[in-house]
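# Coordinate analysis (summary)
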Number of protein chains: 2
Amino acid sequence: MVKGPNHHVGLGVLGLGLAGRLVLESLHDNPLVTVVAGSDPREEARHKLTADYGARAYVSLSALCDDPEIDAVWVATPTALHRQHAEQVLSKGLAAVVEKPLAATVGDAQALVDLAARTETPLIAGGVRSLDPAFRHAREIIDSGRLGAVRAIQAHAVTDWMVRPREPAELAPERGGGLILNQAPHQIDTIRLLADGAPVRRVYARTGEWSPLRAGVGYYSAQLDFGDVSATLTYDGYGFWSAGELMPWASRERLQQTRAATGRYRKLLTADRGTDDRPHRDRLRLGTATPDSWPAGASGGHRRAEDWLPTDAGVVIVNCERGVLRQSARGLFVYDENGDLEEENVPPGDANTEAAAQLHAALVRGRPPRHDGQWGRDTLAAVVALASSGRTGHIVELDTPTHRAPAAEDTGEES
Amino acid sequence: MVKGPNHHVGLGVLGLGLAGRLVLESLHDNPLVTVVAGSDPREEARHKLTADYGARAYVSLSALCDDPEIDAVWVATPTALHRQHAEQVLSKGLAAVVEKPLAATVGDAQALVDLAARTETPLIAGGVRSLDPAFRHAREIIDSGRLGAVRAIQAHAVTDWMVRPREPAELAPERGGGLILNQAPHQIDTIRLLADGAPVRRVYARTGEWSPLRAGVGYYSAQLDFGDVSATLTYDGYGFWSAGELMPWASRERLQQTRAATGRYRKLLTADRGTDDRPHRDRLRLGTATPDSWPAGASGGHRRAEDWLPTDAGVVIVNCERGVLRQSARGLFVYDENGDLEEENVPPGDANTEAAAQLHAALVRGRPPRHDGQWGRDTLAAVVALASSGRTGHIVELDTPTHRAPAAEDTGEES
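Parameters and conventions
Residues numbered from 1 in each chain as written. Chains lettered and ligands numbered in written order. Predicted model: local features only at pLDDT ≥ 70, side-chain atom pairs only at ≥ 80, totals over all residues. Heavy atoms only, no water. Helix = DSSP H or I, 4+ residues; strand = E, 2+ residues; numbered from the N terminus. Rg over C-alpha atoms; globule rule 2.2 N^0.38 Å. Buried < 20%, exposed > 50% of the residue type's maximum accessible area, 1.4 Å probe, protein only. Lys, Arg positive; Asp, Glu negative; His and termini not counted. Charge placed at Lys NZ, Arg CZ, Asp CG, Glu CD. Pairing = 2+ DSSP bridges. Contact = heavy atoms within 4.5 Å. Axes fitted to C-alpha atoms, helices over the stretch in contact; angles between N-to-C directions. Least-squares fit on C-alpha atoms with pLDDT ≥ 70 in both. Right-handed = clockwise from strand over helix to strand, strands pointing away. Salt bridge = Lys/Arg side-chain N within 4 Å of Asp/Glu carboxyl O. Domains from an automatic or database assignment. Buried area = accessible area lost by both parts, 1.4 Å probe. Polar contact = N/O pair within 3.5 Å; in protein donor to acceptor, adjacent residues only side chain to side chain. UniProt positions renumbered as here; feature names shortened; annotations may be inferred. Parallel < 35°, antiparallel > 145°, perpendicular 65-115°, else oblique. Left-handed = near helix turned anticlockwise from the far one by under 90°. Nonpolar A, V, L, I, M, F, W, Y, C, P; charged D, E, K, R; others polar.

### Comments concerning the overall build of chain A
- In terms of regular secondary structure, chain A is built from eleven helices and 15 strands.
- For 415 residues, the compact-globule formula gives about 22 Å, and the C-alpha radius of gyration of chain A, at 20 Å, lands near that figure.
- A principal-axis box enclosing the C-alpha atoms of chain A has dimensions of 55 × 55 × 40 Å.
- Counting all 415 residues of chain A, 63% fall into the buried class.
- Charge-centre separation for chain A: the mean point of 45 positive side chains lies 4 Å from the mean point of 55 negative side chains.

### Brief notes about the sheet that holds strand E7 (residues 150-158) of chain A
Residue and element names in this part refer to chain A.
- Pairing within the open sheet is mixed, and its nine strands lie in the order E14-E13-E12-E11-E7-E10-E9-E8-E15. A strand with exactly one partner marks an edge of an open sheet, and here the two such strands are strand E14 (341-345) and strand E15 (396-397).
- Alignment of E7 against strand E11 (residues 315-320), held across six bridges, turns out to be antiparallel. Considered in E11, the bridge of Val150 is made with Cys320.
- Set on the sheet, helix H6 (residues 133-144) makes contact with E7, E11, strand E12 (323-327), strand E13 (331-336) and E14; between it and E13 the angle comes to about 30°.
- Of the strands in this sheet, strand E8 (202-208), strand E9 (219-225), strand E10 (230-236) and E15 touch helix H11 (residues 373-392), which is tilted by about 55° from E8.

### Examining the environment of Arg377(A)
Residue and element names in this part refer to chain A.
- Take Arg377: it is sitting in helix H11.
- Each C-alpha atom, one on Arg377 and one on Pro122, is 14 Å from the other, the two residues being 255 residues apart in sequence.
- Excluding anything up to four places from it in sequence, Arg377 contacts Leu102, Val106, Ala109, Gln110 and Val113.

### Quick notes on the relation of the copies chain A and chain B
- When chain A is fitted onto chain B, the two copies agree to an RMSD of 0.0 Å after a turn of 180° and an axial shift of 0.0 Å. Within this description, the copies of the chain are treated as partners about a two-fold rotation axis. When C-alpha positions in chain A are compared against the rotation axis, the closest is assigned to Pro248(A), at 2.0 Å.
- Both copies share a contact surface, since 100% of the interface residues of chain A are interface residues in chain B too.

### Digging into the pairing of strand E5 (residues 95-98) of chain A
All names here are of chain A.
- By the alternation rule, side chains of E5 split into Ala95 and Val97 and Ala96 and Val98, which are all buried.
- After leaving strand E4 (residues 72-75), the chain enters helix H4 (residues 82-91) and then returns to the sheet as E5, a path that is right-handed.
- Note: E5 against strand E6 (residues 123-125), three bridges, orientation parallel. Its bridge partner lying in E6, Val98 is registered against Ala125.
- Handedness of the crossover joining E5 and E6 through helix H5 (residues 106-119): right-handed.

### Some thoughts on the pattern of salt bridges
Residues and elements named next belong to chain A.
- Tallied over the entire structure, the rule returns 57 salt bridges over all chains.
- The residue Arg21 makes a salt bridge to Glu25 at a minimum N-O spacing of 3.3 Å. Of this pair, Arg21 and Glu25 both sit in helix H1 (residues 18-27), four residues apart, roughly one helical turn. Both residues of the pair, Arg21 and Glu25, count as buried.

### Remarks on unusual backbone geometry
All names here are of chain A.
- A cis amide bond, omega -15°, links Lys100 with the succeeding residue Pro101.
- Within the element layout of this structure, Pro101 appears in the loop between E5 and H5.
- The residue Glu120 is not glycine, and still its phi comes out positive at about 50°.
- For Glu120, a relative accessible area of 65% puts it in the exposed group.

### Observations regarding the domain arrangement of chain A
Residues and elements named next belong to chain A.
- We note that the domain assignment places domain 1 (9-129 + 351-371) and domain 2 (132-345) within chain A.
- The straight-line distance from the C-alpha centre of domain 1 to that of domain 2 is 23 Å.
- Regarding the contact of domain 1 and domain 2, the summed buried area is about 2,600 Å², with carbon and sulfur atoms giving 52% of it.
- Of all residues in domain 1, Leu18, Arg21 and Arg129 give up the largest surface area on contact with domain 2, accounting jointly for 33% of the area buried on that side.
- There are three salt bridges connecting domain 1 and domain 2.
- Counting the contacts that link domain 1 with domain 2 gives eleven residue pairs in polar contact (both at pLDDT 80 or more).
- When residues of the side of domain 1 that touches domain 2 are traced back to their parent elements, those giving at least two are H1, helix H2 (43-53) and helix H10 (351-365).

### Comments concerning the interface of chain A and chain B
- Listed as interface residues are 46 residues of chain A and, on the opposing side, 46 residues of chain B.
- It is Trp210(A), Phe240(A) and Trp241(A) that lose the most area in chain A upon contact with chain B, and together they represent 16% of the buried surface on that side.
- Seen at the junction of chain A and chain B, the total is four salt bridges.
- In this structure, Glu245(B) engages Arg326(A) in a salt bridge whose closest nitrogen and oxygen atoms are separated by 3.9 Å.
- Breaking the side of chain A that touches chain B down by element, the ones donating at least two residues are E7, E8, E9, E10, helix H8 (252-271), E11, E12 and E13 of chain A.

### Concerning the UniProt feature "domain: Gfo/Idh/MocA-like oxidoreductase N-terminal" (unreviewed entry) in chain A
- Taken from the UniProt record, the annotation "domain: Gfo/Idh/MocA-like oxidoreductase N-terminal" (unreviewed entry) applies to residues 11-123 of chain A.
- The span residues 11-123 of chain A carries 44% helix and 20% strand; its end-to-end C-alpha distance comes to 13 Å.

### Thoughts on the UniProt feature "domain: GFO/IDH/MocA-like oxidoreductase" (unreviewed entry) in chain A
- Cross-referencing UniProt, the feature "domain: GFO/IDH/MocA-like oxidoreductase" (unreviewed entry) maps to residues 135-234 of chain A in the present numbering.
- In this annotation, residues 135-234 of chain A is assigned 26% helix and 28% strand; the end-to-end C-alpha distance for the span is 18 Å.

### Some thoughts on the packing of helix H6 (residues 133-144) of chain B against helix H7 (residues 179-194) of chain B
All names here are of chain B.
- Packing of H6 against H7 brings their axes to within 9 Å, and their N-to-C directions diverge by 25°. One way to sum up the angle between H6 and H7 is to call them roughly parallel. Two packed elements cross with a definite hand, and for H6 against H7 that hand is right-handed. Seen from H6, the contacting residues are Phe135, Ala138, Arg139 and Ile142; seen from H7, they are Thr190, Leu193 and Leu194.
- Of the residues in the contact of H6 with H7, the class split is five nonpolar, one polar and one charged.

Have a look at this one:
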């Protein structure tokens, strides 16, 4: 499986919707991984892939897998199809990067983990905010010991997730949809990373749904316990405001524009109640997206050297014994016991670039990815526990998975 | 008990430490309530009371109660003494305002509630941030129905509570001290008010203590359930940063100065470990405080027409069905379903002024105070449940107290 040291990984992107489009944008000039092909049932998407990205376009996954330059496939299809598609990829001996959530159920995720082990093929759980460069840098600061051990973490997200254009399946938990399955992975994955990979032991959550426009949970709060570390999560997906308002560097004008756009879409949903919003959703997909399609930037981090604003993971605050870490416009704020505040810059980057680096390191140097299938499966188990606790009102105790010491170094970017 | 309509309530302040000093500052020009006397064992405090506030000074509570102009006593003594002192006051037929927490135990609080009922004497649970004018205005907006029902509330505090000058008793939960007993009342009382007085049904909390300088809980996170409303609280009292950093209007320079001052005191604690910090604590008390003594302003709200910054209750976010409310520099931000943001100004005021207004309305117009003894007792019960859940890791179910419809109007200020 291990390729030569100078091998450029050939990637196929399966599914050229929103997630696939963002992968293309993120990786178009990637030094380690090249998108050589893609697949989507929509003709416009295939056309755009070839015209704009010079990649070969296929209708079927099996044709994509047979492309001679393909080493790995990025599975960016609807969640309910993740297992089936990733199984096809892994069975052909190709590596797979799978968007979050890894699968629609923990059982499906476990099946992928087992298959990856059997075929000795890299499986990477991608698409999560924990792959943003700032969090990797946060881990480095934590590992340096200068702030002492991590003791409590908070993540507070305020987004318009419930008011974005959606297909019905995206909002249906039984088909891998819904706010919790799709957004809690960002927060839980990030918190797990910051808690140094310690297993989640117990989850308590409350959920709320109060929109007449969108059925289903649109708000949750949760408490996760990791033994020595505890974490508090909140997520408001109703879009009346955004967590960016808590960032002094955010342009008030731009925040206002975003709120107004959400308000307009909310009105449209009110008028259209009962229909799905597929036509609007199409504006997010490759081939039918327009230059002003959401989101304006790349898929995460602050790749375009814009100031960071909180998105899916929210405002993340890491409370350590002797200080506090949180995200800043260009990196991280580090508050120490002397009362000093230092802003540490983090080079621009994004989650997809980091996942690609882990993929490259796995294929070319045989280095196990931190965000492997087991990692994604464990995050999904905590996400499912959150949903379950929210439904029942009970604390969910999780089986303690084997603690895996995190890799000393994650990606192939330095060494 | 009811006085004539133009009666100016004569108030005695018992205990001229930090809380008592802030009461004097708040009420020095109050149109409804006049501080006519006070009591404290410290000579400097009594001298200052007479010299600066023109009030009579007594050594003992019984002498204070015998002052001919006294209608009510504000109990600002250490928490462990609240019950004993308030009982003396109520037994003499005088009204009592008691600082938070109402008492050191729920049993003590209940005894006060029962005594107030028996003597038909007003008992007001004061000293809590829920009395800040912004929250009263928030209730008016909620009651107007324009944002729909309240569904979830968040309160996130980041203060230096653990690193301020303390006497040993202030940090000892068994003597009414500690972060939870003293600071959770602010958050829980506020959330209860915003949840329209619905009873707290269940509490789940996690606590953290990680300072070698100060024993005891310095961090907590909790989930409160009120039936239809759920609330998430976090409180970080270690002072490495402050929630003011999340307010764009906060002066970065001033935030830095506050952090640096906390850092200096933290260093001093490191050097002095094992001793108590009584001399530093004295700098907060009447008679020994200096003009630059903490806190710089009045006891709450934004009485001096300064921009509001989060303190004990933290950043409070009220999620309603059709919008969101949170505090702004001069009042409240109201986010609505159209994507509009309106800042509604709230006239300057503070918690002590509001408690005084409730006291006046009770004594002069016989109007039952919203923040009465039962209210304070119920808040304390939820606070104690939080501490207990934090210790045991279990969900605490609370006996559902009788739901009392909140008074349509709280204070004597308008009518």
